Amino acid sequence: MAHLLVIGGGIGGLATALLATRRGHTAELFERDTRAPGTALDRDFFGWRRPTVPQASQPHALLGAARNLLRDELPDVHQEMLRLGARERHELDWFEVRPPARPGDEDLVMLQARRIVLESALATALRAEAGAVVRHGEPVTGLTTASRAGGGPAAVDPAEGDPAGDDPVAGIRVTGVTTGAGRYEGDLVVDAGGRRGGIERRLGAVGCRPPVVERHRTGLAYFCRWYRLPAGTDEGPRRPWAVTGGAFAGCAVFPADNRVFAVTLFVHTADTTRSALRDPAVFERAARSFPPGEAWLALGAEPLSGVLATASLDNRWSALVDERGPVVSGLVPVGDSITHTNPTLGQGTSLALWAARRVARTAHRDPASERYAVEHHTWAVRTLKPWFDFQVVADAAIGERFATRAGRTGTAREVAALFDCALEDPEVMRARARVRHLAQPPEQAYADPEIRARVARWLAARPEYAPNAVGPDREEWEKLTAG
Ligand SMILES: Cc1cc2nc3c(=O)[nH]c(=O)nc-3n(C[C@H](O)[C@H](O)[C@H](O)COP(=O)(O)OP(=O)(O)OC[C@H]3O[C@@H](n4cnc5c(N)ncnc54)[C@H](O)[C@@H]3O)c2cc1C
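Treat the numbers as computed from the prediction; the structure is a model and nothing was measured.

1. A short note on helix α1 (residues 11-22)
So, step 1. Here α1 contains 12 residues, and its C-alpha end-to-end distance of 16 Å stays within 8% of the 16 Å for a straight helix at 1.5 Å per residue.
So, step 2. Taken together, the buried positions of α1 are occupied by I11, G12, G13, L14, A15, T16, A17, L18, L19, A20 and T21.

Structure (structure tokens):
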């Protein structure tokens, strides 16, 4: 069995440590933040400033892929989330009557909760594991490596760099981590430091060749505000569909736990109306100009936050294997440190959990070896990269539409029709939901001749169909956002 040193106590780190200890490994987790998620959800969600995880206050859609992994591998965590107030929503419940069940339908379920609910449930379960040690307020500051001369491990001060760093071609073997409190040795270091973890810097400091990074800038800005449904109103409206995109702006509602929900507006970063959306009154007017925003806000919800903005997120893929082989062994990434994706498809948590499970399942197989590093990379390219690529293509399409306001022309008519047809046709909804919940790649689900024929028939019956025709037109939008 292996001893894992896990950098970062976010979703990827907590899940890796938990899944690994449940398989008989031991894990030591290092988290920069001094505070741990508890079960006072509102206090931890609204009252905890988390500069190292700025997205923690943004709504998180927990897709079927994440929910199914929890249900199958960590049923106690899944149950604890439900106990804390998370809700499940079956995609086919969009229809007045759920269509007769088919194999696989049981996986098309969204878990609706604030991110803190997942963190809290994971942290509670991890605290109970005898094989786990969690070190809060102890950031990892450097890596230890095996001495190239074949002796014991060398600790490297990032400020001074690698004493043996004269051969940048050879892969470096990481043997442990250093923190302000000392050095720790293990069989495998797992980097779950997230999008701001800075592992490249630490690897550079020990003489590693740089990771191979693919980066795509997205031109979207998000504005979110949290609300609570009035007492006695346990459910929001079942319709309209929670996410709608117009020609130059979109609106999404994220139902969460305990009557809490978020409304998000998204526009292009170059949109001149963008800064006005930070004003709660403007935000609310603009949100109510979209059907889901209006349906939810009309219920008399109480605001729980100001308008929280975030923008210019990129899609970033970071590989620790280049054309010469692994740049490092003894260290593998999970979560956002391999791939962080812009949130329009809500994939990040699911991909982090998949990687955590992969590490836990394989950590007994000589994890310090170069072979292990290559296998982890190969797995990530096969399993995670197609979803990263899908996100890149989806964002490019939205960015282009919002930048050019081309939503009501013929642009991407078939793609838009697929989504609108799904709202009326359970077969197309199943295909859409399989893609949404990461159960089947889009090139398979949408290439199915039956699905294509259904969408084509739907379109043929609607010659006047205009894609993305929701929300206000530009003139109305400028009035709404004019202060
Ligand atoms: C605006 C936004 C919205 C999102 N919406 C969704 C969504 O709807 N659905 C979804 O599934 N995903 C969403 N995501 C993505 C999701 O948040 C991430 O994919 C997920 O948090 C990845 O988990 P992680 O553990 O890799 O990183 P994180 O959760 O960011 O955790 C990293 C942790 O590492 C710690 N750390 C960093 N460096 C060190 C160090 N040197 N030593 C010790 N600790 C360190 C940090 O303090 C932090 O706690 C969204 C992301 C953003 C930005």
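2. Some details on the packing of helix α12 (residues 413-422) against helix α15 (residues 449-460)
So, step 1. Where α12 contacts α15, the axes come no closer than 9 Å and their chain directions differ by 95°. Taken as axis vectors, α12 and α15 run roughly perpendicular relative to one another. Counting all contacts with α12, which are made through R413, E414, A417, L418, D420 and C421, the residues of α15 involved are R454, V455, W458 and L459.
So, step 2. For the contact of α12 with α15, the residue count by class is six nonpolar, no polar and four charged.

3. Considering the sheet that holds strand β4 (residues 87-90)
So, step 1. Spatially, β3-β5-β4 is the arrangement adopted by the three strands of the open sheet, whose pairing is antiparallel. At either end of the open sheet lies a strand with only one pairing partner, and these are β3 (61-62) and β4.
So, step 2. Sheet topology places β4 next to strand β5 (residues 109-112); four bridges connect them, and they run antiparallel. Each residue of the ladder has a partner; that of R87, found in β5, is Q112.

4. Quick word on the side chain of D322
So, step 1. Mapped onto the fold, D322 is located in strand β20 (residues 321-322).
So, step 2. Here D322 falls in the buried class, since its relative accessible area comes to 14%.
So, step 3. Excluding its chain neighbours within four sequence positions, the residues that come into contact with D322 are R209, V212 and V327.

Each value, and the rule that gives it
Residues numbered from 1 in each chain as written. Predicted model: local features only at pLDDT ≥ 70, side-chain atom pairs only at ≥ 80, totals over all residues. Heavy atoms only, no water. Helix = DSSP H or I, 4+ residues; strand = E, 2+ residues; numbered from the N terminus. Expected span 1.5 Å × (residues − 1). Buried < 20%, exposed > 50% of the residue type's maximum accessible area, 1.4 Å probe, protein only. Axes fitted to C-alpha atoms, helices over the stretch in contact; angles between N-to-C directions. Parallel < 35°, antiparallel > 145°, perpendicular 65-115°, else oblique. Contact = heavy atoms within 4.5 Å. Nonpolar A, V, L, I, M, F, W, Y, C, P; charged D, E, K, R; others polar. Pairing = 2+ DSSP bridges.

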